[in-house]
Amino acid sequence: MKNILTAPFVTETGKTAANMYRMGFDERNSGNISIILDENEVGEYLDLSGVIRGIPLDFDAKALGGKILIVTASGSYFKNIADAPEENLGIVRISPDGKTAELLWGLKGGGRLTSEFPAHIMSHAARLSADNENRVVLHCHPTNILAMTFVHELDERKFTHTLWQMCTESIMIFPDGIGLLPWMVCGTNEIGIATAEKMKEFRLVIWAMHGIYGSGKTLDEAFGLIETAEKAAQVYMLTAHLPRVNTITDEQLRSLAESLKLDYREDFFA
Ligand code: 13P
Ligand code: ZN
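In what follows, the accompanying structure is described. Quantities reported herein were computed from a predicted structural model and do not represent experimental measurements.

Calculation criteria
Residues numbered from 1 in each chain as written. Chains lettered and ligands numbered in written order. Predicted model: local features only at pLDDT ≥ 70, side-chain atom pairs only at ≥ 80, totals over all residues. Heavy atoms only, no water. Near = heavy atom within 4 Å. Polar contact = N/O pair within 3.5 Å; in protein donor to acceptor, adjacent residues only side chain to side chain. Areas by Shrake-Rupley, 256 points an atom, 1.4 Å probe, with all protein chains shown as cover. Nonpolar A, V, L, I, M, F, W, Y, C, P; charged D, E, K, R; others polar. Axes fitted to C-alpha atoms, helices over the stretch in contact; angles between N-to-C directions. Helix = DSSP H or I, 4+ residues; strand = E, 2+ residues; numbered from the N terminus. Parallel < 35°, antiparallel > 145°, perpendicular 65-115°, else oblique. Left-handed = near helix turned anticlockwise from the far one by under 90°. Contact = heavy atoms within 4.5 Å. Disulfide = S-S within 2.5 Å. Pairing = 2+ DSSP bridges. Donors = N, O, S within 2.8 Å, 3.2 Å for Na, K, Ca; no water. Buried < 20%, exposed > 50% of the residue type's maximum accessible area, 1.4 Å probe, protein only. Salt bridge = Lys/Arg side-chain N within 4 Å of Asp/Glu carboxyl O.

### Re the site of ligand 1
Thinking step 1. The full set of residues close to ligand 1 is Asn29, Ser30, Gly31, Asn32, Ser74, Gly75, Thr114, Ser115, Glu116, His139, His141 and His210.
Thinking step 2. Between ligand 1 and Glu116 there is a distance of 2.6 Å, counted from an oxygen atom to a side-chain nitrogen or oxygen.
Thinking step 3. Protein coverage of the free-state accessible area of ligand 1, which is 310 Å², stands at 92%.
Thinking step 4. The residue inventory of the shell around ligand 1, partitioned by class, reads no nonpolar, 11 polar and 1 charged.

Below you can see the structure in the form of structure tokens.
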């Protein structure tokens, strides 16, 4: 059996968490990460019949029955995950009936799964229905996205359009737009259901006055989406109060999207 601390899915999760911390996206314990893992790969590091404890779930996770995920612990400080992965991460298998998360490794010292586990599992199910290669769901609190939700109309069409206008690369990276939810109580099944509903359509979902969810095939893809949206929001927050002398016009955005043959939300120009 190989040493789990050297497994790429453990080391990369730690590196991404450290990066997100350094970017200012994840102060203290804010944010959470989950990744669906390949069973054969996990089997090189762990005895898959060795369940440490069963964690009861109070929502239906059957859509992910049998799947193994690595996930951050509730309260885990993102700056510490790489140095203490066994305390700050857990590897769980969802039971076939979707009622239990079987702990295979981690959450050492009685740790709990992230409070946003319902939103993660429901989002995975929704993204898999749109793209069967999706593996990653990330949640964090990027400063400028958050700030922008205080001063910009909370309409996902207008919000996406503004972000597209802020950086030339925005429409290239998220031509499918960004879903937007109003402020809701976090850590609940309700916010999980609402997030997953948006995730059927979008890879990025903003929680107004809280943060953002990103998804993708890889950690890089999900993180790259969030970084790009955050950069555009930063440009907005740096310029929104100043006279606008220049802008990227809709015609320019459209011609960029057409020339790159992007599958973009044309209705978001309306
Ligand atoms: P957890 O520490 O439970 O993952 O919660 C952090 C968070 O961002 C809640 O939305
Ligand atoms: Zn949060």
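### Observations concerning the packing of helix H4 (residues 117-130) against helix H8 (residues 189-199)
Packed helices, taken two at a time, are described by the angle between their axes plus the distance between the axes.
Thinking step 1. Direction vectors running N to C along H4 and H8 enclose 20°, while the axes themselves pass 8 Å from each other. Looking at the two axes, H4 sits roughly parallel to H8. Once H4 is placed against H8, the crossing between them reads as right-handed. Of the residues in H8, those in contact with Pro118, Ala119, Met122, Ser123, Ala126 and Arg127 of H4 are Asn189, Gly192, Ile193, Thr195, Ala196 and Met199.
Thinking step 2. Looking at the contact of H4 with H8, its residues break down into 7 nonpolar, 4 polar and 1 charged.

### Looking at the state of the cysteines
Thinking step 1. In the structure shown here, the tally under the stated rule is 0 disulfides.
Thinking step 2. Free of any disulfide, Cys186 has its nearest neighbouring cysteine sulfur in Cys140, separated by 14 Å.

### A word on the sheet that holds strand S5 (residues 100-106)
Thinking step 1. Pairing in this open sheet of 9 strands is mixed, and the strands run S2-S5-S4-S3-S1-S6-S9-S8-S7 from one edge to the other. Where the open sheet ends on each side, the last strands, each with one partner, are strand S2 (53-56) and strand S7 (179-181). Ignoring which end each strand starts from, the neighbouring axes of this sheet average 25° apart.
Thinking step 2. Sheet topology note: the strand S1 (residues 32-37)/strand S6 (residues 136-140) ladder contains 4 bridges and is antiparallel. From the neighbouring strand, Ser34 faces S6, where its bridge partner is Val137.

### With respect to the coordination of the zinc ion (ligand 2)
Thinking step 1. Within the protein, the atoms that donate to the zinc ion (ligand 2) are His139 (NE2), His141 (NE2) and His210 (NE2), at distances of 2.1 Å.
Thinking step 2. All donors of the zinc ion (ligand 2) belong to a single chain; written as a sequence motif, their spacing is H-x1-H-x68-H. Of this pair, His139 sits in strand S6 while His210 sits in the loop between strand S8 (204-207) and strand S9 (211-216), placing them 71 residues apart in sequence.

### Considering the side chain of Thr162
Thinking step 1. In this structure, Thr162 sits in helix H6 (residues 156-166).
Thinking step 2. Judged by its relative accessible area of 11%, Thr162 is buried.
Thinking step 3. Once you skip the residues sitting within four places of it in the chain, Thr162 turns out to touch Met148, His152 and Tyr236.

### Considering the pattern of salt bridges
Thinking step 1. What the rule picks out here adds up to 11 salt bridges.
Thinking step 2. Across the pair Lys108 and Glu87 runs a salt bridge, and its minimum N-O distance is 3.8 Å. Of this pair, Lys108 sits in the loop between S5 and H4 while Glu87 sits in helix H3 (residues 85-88); the two residues are 21 residues apart in sequence, bridging distant segments of the chain.
Thinking step 3. Asp267 serves as the salt-bridge partner of Arg265, at 2.9 Å between the closest nitrogen and oxygen.
Thinking step 4. Of the residues examined, Asp267 reaches a relative accessible area of 39% and is grouped as partly exposed.
Thinking step 5. Taken together, the salt bridges that share partners define one network made up of Asp176, Arg203 and Glu221.

### Side note on unusual backbone geometry
Where the residue is not glycine, phi is negative for most of them; where a peptide bond is considered, it is trans in most cases.
Thinking step 1. Positive phi, normally seen in glycine, also occurs at Arg28, with a value near 45°.
Thinking step 2. Looking at where Arg28 falls in the secondary structure, it is placed in the loop between helix H1 (8-22) and S1.
Thinking step 3. Even without being glycine, Lys261 reaches a positive phi, approximately 55°.
Thinking step 4. Mapping Lys261 onto the fold places it in the segment after helix H10 (250-259).

### Observations concerning the pairing of S9
Thinking step 1. A large share of S9 lies buried, amounting to 6 of its 6 residues.
Thinking step 2. Going residue by residue along S9, you find Gly211, Tyr213 and Ser215 tucked away on one face and Ile212, Gly214 and Gly216 tucked away on the opposite face as well.
Thinking step 3. In this structure, S6 lies alongside S9, joined through 5 bridges in antiparallel fashion. Bridged to Val137 within S9 is Ser215.
Thinking step 4. In the sheet, S8 pairs with S9 via 4 bridges, with the strands oriented antiparallel. Counterpart to Val205 in the pairing with S9 is Tyr213.

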